[in-house]
Amino acid sequence: MTDEELAGQPGGVATRPDHEPEADGGEHVFSPKDFRLNLNARMAVDEDNPPPDPSTLPNLDNPAIRTLTWELVVPDRPASSAPSAATPVPLPPPSRVPPPPARPSPPSQPPPVVASSTLEAEGIHEDFEGDQVQGQVEGHVEDEAVAGDEFADLETETELHDDLSGDDDELIEAVVSPVVAAAAPVAQPVAQPVVQPEVNRLGLVPDLIDDDSPIELPPITPSGPVVAHVQSVYVPVLAETLYIPPPQRQAVAPVPIQPADTKGKGKSGEKRKGHLLRTFMTLVVLCGLLGGGALAAKKYLLQQKPEWSAEMKPIADEVSRSRDLPFKHSVAVTELPVDQYARRLAGSIIGPGAEPAPTWRALGLLNGELDLDVVGRQAMNDSPAFYDPSTKTIVVADDLKSYEHLYRFALRRALTTALLDQQYDWSTRVASSSPATALGIRSTIDGDALAIANLLAASDAPDQLAPELFSFVQGHGSTLAPSQYAATLAGRSGVAMRPTITSMGNDPVALATLEQSTPGSDGFLNAGRAAPTTAAPADTQGMMFWYYVLASRIDDGLAWSAASQWTGDAIATSGSATDGSTSQCVDATVAAADADGAAVLLTALQSWAQAAPAESTTSVSPADGNQVTLRACDPGAALTASIPVKVPVVFGGAGVERALVQAAQSASNGAQVDAVCLISAARARGTALSSPADDAPVFAVDWHAAYVTANLDLASGCVTAAG
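So, here is what we can say about the structure in this document. Along each chain, residues carry numbers from 1 onward, in the same order as the chain's sequence is written. At least 70 in pLDDT is required for a residue's local features to be given in this predicted model, at least 80 for side-chain atom pairs to be given and counted, and no such filter applies to totals for whole chains, interfaces and linings, which use all residues. The basis for every side-chain value is the complete set of heavy atoms in the structure, and neither hydrogens nor water enter the calculation.

## A word on the overall build of the chain
Thought 1: What counts as a helix is a DSSP run of H or I of at least four residues, what counts as a strand is a run of E of at least two, and both are numbered from the N terminus. Tallying secondary structure elements over the chain gives 26 helices and 9 strands in all.
Thought 2: Relative accessibility decides the category of a residue: with a 1.4 Å probe and only protein chains considered, values under 20% of the type maximum give buried, values over 50% give exposed, and everything between is partly exposed. Counting all 723 residues of the chain, 38% fall into the buried class.
Thought 3: Computed with a 1.4 Å probe, the accessible areas rest on the Shrake-Rupley method; for each residue, only the protein chains presented here act as cover. Within the structure as shown, the chain displays about 41900 Å² of accessible surface, and the carbon and sulfur contribution to it stands at 57%.

Here it is as structure tokens:
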């Protein structure tokens, strides 16, 4: 298709043929050839040799490009009869861009020089071709390109281009040779760095380079030796390297030493004596300070705070506050089934074996076999939780938690017992004491525990405590132990001392003295007689032992009246029941304080012997020294099991008589009551104990013994005037 035909199509543009020459002096017509001008030609213009006529430039001097519109560029746009609204935008004439002004050069810095005294010319040449020397040369060239002082007279890029128009090797030689000259060694005796004039290397590079390929520099040929600056190393002067000769001393003649006169008492002897005294006193004071510091550290620093469980912590805290004593460590609590708990409770008092069974059957303390389970079940009714001193733990019946108030009461009692063991170590004293002394210690400790438990129960719904105890006993059955003596020791050992310790609650010093002391026997439980001051022999059984011997067969009041005359005893066993042919027999001696007491004791023992089984062959006789002797043999478990068990008043009149003294002291408004006087007057009145209603109970809630009520009026004659 020809141009004429193309122009006739929709959107076509009439153009001038490529071969048609322009008319001289005519108007220039823009054609596609003109639009396809070589735009790169502008970049190829040699600015150093500009054309004489700027209008001859290939592109920018074309006047048609200034009137270029979109109708001429887009050939497919539909033709329109309306003239183009494009406004010609005049372009500025081409101009030269002046070079940037030269920057001020910073102070010249000496180039870093590599120190080496053994480099040869070939070695230097190879090192400069390496990476390390090449980096130094490039850094030197960059620094001197900034300084550019020597070439400051170059005013235009045209002159710079003229300098570079020569041979490339000469230019590179001119740029690099100063650097090589600076790195070359100088044959001079003093090794000082050679300072070369700084050359602005970047000033030699033209702004516009036609060839974009990287510049290749020829190898640098060293022109001289390398001068290295050796830095001085600081070497401290040590004491070993500095020697100072000692000063010369003049010889001095020796002076003879005169021995001191130790025989005379001169002033020097007195000074020496005073010096020794001061030294001794200093050592004494120092030892005292060290001992006091060690004691304080042990008491306050080394003592760790006990860690309790969430359940035991509030109970332990209230026990500690009430007793005004701290726990040294926590106490573990073990829950056991009822049968295991009963055996554990009875065994903690009697022991695991059945060694005392023949002796107890001969004297009436045991009826039948010694069954620890049955003994423990009766004792559990009074003590559903207890502190076992052999393991230092608290043992609890597993069904006790269902009784809320009884559970707290039992734990308070057991925790107080454990607290007193940590403070006074009563368990060690019990283990090494006679049965009479052991019972005296247990009575005091458990009496304090019962006093604390009753004190805390008074503010913990006391009306709920007795019903819970009754329900607890009914749940396990009313079991009657074959040995009331063993059941009382296991469950109620502190009921006799509880009233006395309750009355001493306001005197912590007296209470601590009582619990730290070791009684001679359980005879101090008799408040109607002065406490014994001497320790009983190791085989002494004690006053309460003989009370239960007598009360197992005769009246409780008569048994207590005779037992209160007790001052000592001795027991010996003979025979063996292992072969079944002979039985074990007991020979015992019981002593009284005086003849009258011995007579009362003899009468009670004779009545007791008459009530014994014939198979026991029991006999009683008086002896010299206000003593009574007896002999009894074991009738056997099968025979004694048919005899009904008698339940005597717990610990006779020991508890109720102490309750009488406590009531009298409370009624005297602080006046001192003579306990021996009061109890002796009550016994003389003839009001005897008649029933277990006179017992001092484990729970002191609403306990009004008939004996106390009947004899309280006697206290007015036994009040000691304040001195």
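Following the structure, the description resumes.
## Details of the sheet that holds strand β4 (residues 566–574)
Working definition: the strands of a sheet are paired by backbone hydrogen bonds and lie parallel or antiparallel to each other.
Thought 1: Spatially, the 4 strands line up as an open sheet ordered β4-β5-β7-β6, and their pairing is antiparallel. Pairing within the sheet leaves two strands with one partner each, and these edge strands are β4 and β6 (619–623). Looking at each pair of strands side by side, their axes are set apart by 15 degrees on average, direction ignored.
Thought 2: Pairing between strands requires that DSSP locate at least two bridges from one strand to the other. By the bridge criterion, 8 bridges tie β4 to strand β5 (residues 585–592) in an arrangement that is antiparallel. Looking across to β5, one finds that G568 is bridged to A591.
Thought 3: Residues count as neighbours in contact if any of their non-hydrogen atoms are within 4.5 Å of one another. Only the stretch in contact is used when fitting a helix axis, every axis being a line fitted to C-alpha atoms; angles between N-to-C directions are given from 0 to 180 degrees. On the sheet, helix α20 (residues 543–551) packs against β4, β5 and β7 (627–633) and is oriented at approximately 70 degrees with respect to β4.

## Observations concerning the pairing of β6
Regular strands show a simple pattern: their side chains alternate between the two faces of the sheet.
Thought 1: Bridge count between β6 and β7: 5 bridges; the pairing is antiparallel. Pairing of S619 across the sheet is with R631, part of β7.
Thought 2: The antiparallel hairpin formed by β6 and β7 contains 3 residues in its connecting segment, where G625 sits at a positive phi of about 75 degrees.

## So, the packing of aromatic side chains
Thought 1: For this analysis, a ring pair means two rings from Phe, Tyr or Trp (six-membered ring only for Trp) whose centres lie within 6.5 Å, classed as stacked if their planes differ by under 30 degrees, edge-to-face if by over 60, and tilted for the remaining angles. One pass over the full model with this rule turns up 12 aromatic pairs.
Thought 2: Taken together, a centroid distance of 6.3 Å and an interplanar angle of 80 degrees make the contact between Y548 and F651 edge-to-face. You can see Y548 sitting in helix α20 and its partner F651 sitting in the loop between α23 (637–640) and α24 (654–667), a full 103 residues away along the chain.
Thought 3: With relative accessibility at 1%, the residue F651 sits in the buried group.

## Some thoughts on unusual backbone geometry
Thought 1: In the Ramachandran plot, N626 falls in the positive-phi region, its phi being about 55 degrees despite a non-glycine side chain.
Thought 2: Tracing the backbone shows N626 in the loop between β6 and β7.
Thought 3: For N626, a relative accessible area of 28% translates into the label partly exposed.

## Details of the side chain of R413
Thought 1: For R413, the position within the fold is in helix α13 (residues 404–424).
Thought 2: A distance of 3.0 Å separates a polar side-chain atom of R413 from the backbone oxygen of G491.
Thought 3: The residues touching R413, leaving out its near neighbours within four places in the chain, are D382, S383, D446, A449, L450, A453, G491, R492 and V698. Polar contact is the term for a pair of N or O atoms within 3.5 Å; when the atoms are in protein, one must be able to donate a hydrogen and the other to accept it, and sequence-neighboring residues count only if both atoms are side-chain atoms.

## A short note on the nonpolar core
Thought 1: Grouping buried Ala, Val, Leu, Ile, Met, Phe, Trp, Tyr and Cys residues that are joined through side-chain atoms within 4.5 Å yields what is termed a nonpolar core. In this structure, W608 and F651 are the most contacted members of the largest nonpolar core, which totals 130 residues.
Thought 2: Setting aside its immediate chain neighbours within four residues, F651 contacts L439, T488, L489, R492, S493, V495, A496, M544, Y547, Y548 and W560.

## With respect to the pattern of salt bridges
Thought 1: Any Lys or Arg side-chain nitrogen found within 4 Å of a carboxyl oxygen on Asp or Glu counts as a salt bridge. Inspection of the entire model under this criterion finds 20 salt bridges.
Thought 2: Salt-bridge contacts for D634 lead to R361; the nearest nitrogen and oxygen are separated by 3.0 Å. Within this pair, whereas D634 is found in the loop between β7 and α23, its partner R361 is found in helix α11 (residues 357–363), the two being separated by 273 residues in sequence. For the pair D634 and R361, one class covers both residues: buried.
Thought 3: For R412, the salt bridge goes to D460, with nearest N and O atoms at 3.3 Å. Of this pair, R412 sits in helix α13 while D460 sits in the loop between α15 (435–457) and α16 (465–476), and the two are 48 residues apart along the sequence.
Thought 4: The class for R412 is buried, based on a relative accessible area of 4%.

## Observations concerning the state of the cysteines
Thought 1: Pairs of cysteine sulfur atoms within 2.5 Å are what we label disulfides. Following the criterion strictly, the structure yields 2 disulfides and no others.
Thought 2: Each disulfide pairs two cysteine sulfurs, and for C585 the partner residue is C633, the sulfurs being separated by 1.9 Å. The sign of the S-S torsion, about 95 degrees, decides the handedness of the disulfide formed by C585 and C633: right-handed. Taken together, the residues C585 in strand β5 and C633 in strand β7 connect sequence positions 48 residues apart.
Thought 3: Relative accessible area serves as the criterion here: at 7%, C633 is assigned to the buried category.
Thought 4: The disulfide pattern of the chain is 1-2, 3-4 when the bonded cysteines are numbered in sequence order.

## Digging into a nonpolar patch on the surface
Thought 1: For patch building, the residue pool is restricted to those with more than 30% relative accessible area and no salt bridge; the joining distance is 9 Å between like charges and 5 Å between nonpolar side chains (Val, Leu, Ile, Met, Phe, Trp, Tyr). On the surface, L277, F280, M281 and V284 cluster together to form a nonpolar patch covering roughly 390 Å² of accessible area.
Thought 2: Positionally, L277 belongs in helix α8 (residues 267–301).

## What about the sheet that holds strand β2 (residues 385–388)?
Thought 1: Overall, mixed pairing links the 3 strands, which are arranged β1-β3-β2 in an open sheet. Strands with a single pairing partner mark the edges of an open sheet, and in this sheet they are β1 (333–336) and β2. The average undirected angle you get between the axes of adjacent strands in this sheet is 30 degrees.
Thought 2: Pairing geometry for β2 and strand β3 (residues 393–397), over 4 bridges, is antiparallel. The residue of β3 that forms the bridge with A385 is V396.
Thought 3: Running over the sheet, helix α10 (residues 338–350) touches β1, β2 and β3 and is turned about 50 degrees from β2.
Thought 4: Of the strands in this sheet, β2 and β3 touch α13, which is tilted by about 15 degrees from β2.

## Brief notes about the environment of V338
Thought 1: Inspection of the secondary structure assignment puts V338 in helix α10.
Thought 2: Separated by 60 residues in sequence, V338 and D398 have C-alpha atoms that sit 6.8 Å apart.
Thought 3: Those residues in contact with V338 that sit more than four places away from it in its chain are R377, M380, D398, D399 and H476.

## Digging into α13
Thought 1: Helix length check: α13, at 21 residues, gives a terminal C-alpha distance of 30 Å against a target of 30 Å (1.5 Å per residue), a fit within 8%.
Thought 2: Within α13, 19 of the 21 residues are buried, leaving the element largely enclosed by the surrounding structure. Expected span, for any helix, means 1.5 Å times one less than how many residues it has.

## A word on helix α25 (residues 675–685)
Thought 1: Taken together, the buried positions of α25 are occupied by L678, I679 and A682. Down the axis, α25 shows its buried residues gathered within 90 degrees of arc, on one side only.
Thought 2: On its buried face, α25 is in contact with α24, β8 (672–673) and α26 (706–711).
Thought 3: At the N-terminal end of α25, a side-chain oxygen is found 3.3 Å from the backbone nitrogen of V676, two or three residues along, and the residue is D674.
Thought 4: One or two positions beyond α25, positive phi appears at G686, with a value near 90 degrees. Directions from the helix axis toward the C-beta atoms define the arc.

## A few points about the packing of α20 against helix α21 (residues 556–563)
Thought 1: At their nearest, the axes of α20 and α21 sit 9 Å apart, and the two run at 150 degrees to each other. Relative to α21, α20 is oriented so that their crossing is right-handed. Between α20 and α21, the residues in contact are M543, M544, Y547, L550 and A551 and D556, A559, W560, A562 and A563, respectively.
Thought 2: By residue class, the composition of the contact of α20 with α21 is 9 nonpolar, no polar and 1 charged. Note on convention: near helix rotated counterclockwise from far helix by under a right angle means a left-handed crossing. Clockwise means right-handed. Here the term charged refers only to Asp, Glu, Lys and Arg, the term nonpolar to Ala, Val, Leu, Ile, Met, Phe, Trp, Tyr, Cys and Pro, and the term polar to all other amino acids, Gly among them.

## What about the packing of α13 against α15?
Thought 1: One way to put it is that α13 packs onto α15 with a least axis distance of 8 Å and a crossing angle of 140 degrees. Classified by the angle between their axes, α13 and α15 sit oblique to one another. Seen from above, α13 lies across α15 with right-handed handedness. Of the residues in α15, those touching α13 at F409, R412, R413, T416, T417 and L420 are I445, D446, D448, A449, L450, I452, A453, N454, L456 and A457.
Thought 2: When the residues that make up the contact of α13 with α15 are grouped by side-chain class, the tally is 9 nonpolar, 3 polar and 4 charged. Roughly parallel refers to an angle under 35 degrees, roughly antiparallel to one over 145, roughly perpendicular to one between 65 and 115, and oblique to any angle outside these ranges.

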